[in-house]
Amino acid sequence: TFHQVVDEVTVPSANGNATAIAVNPATGKVYVAVTGTQAGLYVGDPQAQTMTMLFQTNVNGLGNITSIAVNDLDNVIYAVGTTTLHAIDGATDTRVATIPLAASASAGNLDTRLGIDRVNGRVFVRLGSFPNPSNLVVVDGKKTIAPNTPNPNFNTILATVNLGRESNNATMAVDETGHRVIA
């Protein structure tokens, strides 16, 4: 099945587009952000060939999701849209946190503004607020600090780092070996 289409699933929103997609290797589920009349974050089950909305994004000021990242070690999915970071439990597909951001994480058309260091659980969100300087927000995404000991800082913002000014399009990468972000 290398280099061939094995199946298709229709985006469940009239006049909508898929804006981000990610696969959770721990469960095999596919997470898709969709715009349009039924904008939201969906989870796809490849075995059942179903798409289920986890939550809507065109209500209560929530913006469309533009990036999705998966921490398969902790089974947590992160999705960011405009000024909100969403954390989803990959085992139950329920949103466990909505983290407000100080600026937009959806500034450009060709952005990579969300990344995870799966080893230490750090979640990185690049915020753009042109003409003001951009910032990198660091969130603690590690569920446990020791076996069976919940992390009291799970899904809290640990730091905000000034990155300087950008011109709306930005990208970044996470180096899990060196535990650093290139932004």
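Anything mentioned here points back to the structure above.
In this numbering scheme, every chain counts its residues from 1 along its sequence in written order. Reporting in this predicted model follows two pLDDT cut-offs: at least 70 for local features of residues, and 80 or more for side-chain atom pairs to be given and counted; totals over whole chains, interfaces and linings ignore these cut-offs and use all residues. Each side-chain value is derived from all of the structure's non-hydrogen atoms; neither hydrogens nor water enter the calculation.

Quick notes on the sheet that holds strand E10 (residues 122-129)
So the rule is basically this: Strands were regarded as paired on the criterion that DSSP finds at least two bridges between them. Helix and strand labels come from DSSP, where a helix needs a run of H or I of at least four residues and a strand needs a run of E of at least two; each type is numbered from the N terminus. Only the contacting stretch of a helix is used when fitting its axis, a line to C-alpha atoms as for every element, and angles between N-to-C directions run 0 to 180 degrees.
Pairing within the open sheet is antiparallel, and its four strands lie in the order E9-E10-E11-E14. Each end of this open sheet is capped by a strand with a single partner; those strands are strand E9 (114-117) and strand E14 (156-164). When the angles between neighbouring strand axes are averaged without regard to direction, this sheet yields 25 degrees. Direction of pairing for E10 relative to strand E11 (residues 132-140): antiparallel, over a ladder of seven bridges. Looking at the pairing, arginine 122 lines up with aspartate 140 of E11.

Some points on the sheet that holds strand E5 (residues 67-71)
Ordered in space as E5-E6-E7-E8, the four strands form an open sheet in which the pairing is antiparallel. With partners counted over all chains shown, the strands left at the sheet margins are E5 and strand E8 (94-100), one partner each. Along the sheet, successive strands turn relative to each other by an average axial angle of 20 degrees, direction set aside. Direction of pairing for strand E6 (residues 76-81) relative to strand E7 (residues 84-89): antiparallel, over a ladder of six bridges. Within the sheet, the bridge partner assigned to alanine 79 lies in E7 and is histidine 86.

Let's talk about the pattern of salt bridges
As a reminder of what qualifies: A side-chain nitrogen of Lys or Arg and a carboxyl oxygen of Asp or Glu constitute a salt bridge if their distance falls within 4 Å. Each residue gets one of three labels from its accessible area relative to the maximum for its type: buried under 20%, exposed over 50%, partly exposed in between, using a 1.4 Å probe on protein chains only.
All chains considered together, the criterion is met by six salt bridges. For lysine 29, the salt bridge is made with aspartate 93, and the minimal N-O distance between the two is 2.7 Å. Taken together, the positions of lysine 29 in the loop between strand E1 (18-23) and strand E2 (30-34) and aspartate 93 in the loop between E7 and E8 put the pair 64 residues apart, joining distant regions of the chain. Among the residues examined, aspartate 93 registers a relative accessible area of 14% and is labelled buried. Two residues, aspartate 140 and arginine 122, come together in a salt bridge whose shortest N-O distance is 3.6 Å. A residue pair is termed long-range when its members are at least 10 positions apart, and aspartate 140 in strand E11 and arginine 122 in strand E10 qualify at 18 residues. On the basis of relative accessible area, aspartate 140 is assigned to the buried category, the value being 6%. For arginine 122, a relative accessible area of 28% puts it in the partly exposed group. Members of the salt-bridge network, linked through shared partners, are Asp72, Arg118 and Glu176.

Regarding the pairing of E2
Across the five residues of E2, five count as buried, placing the element largely inside the fold. Pairing of E1 with E2, which is carried by five bridges, proceeds in the antiparallel orientation. Residue pairing in the sheet places alanine 18 in a bridge with valine 34 of E2. Here E1 folds back onto E2 in antiparallel fashion, the turn holding six residues, of which glycine 28 has a positive phi close to 80 degrees. Across five bridges, the pairing between E2 and strand E3 (residues 40-45) is antiparallel. Paired with valine 30 across the two strands is glycine 44, which belongs to E3. With antiparallel pairing between neighbouring strands as the criterion, E2 and E3 make up a hairpin whose turn holds five residues, including glycine 36 at a positive phi of roughly 100 degrees.

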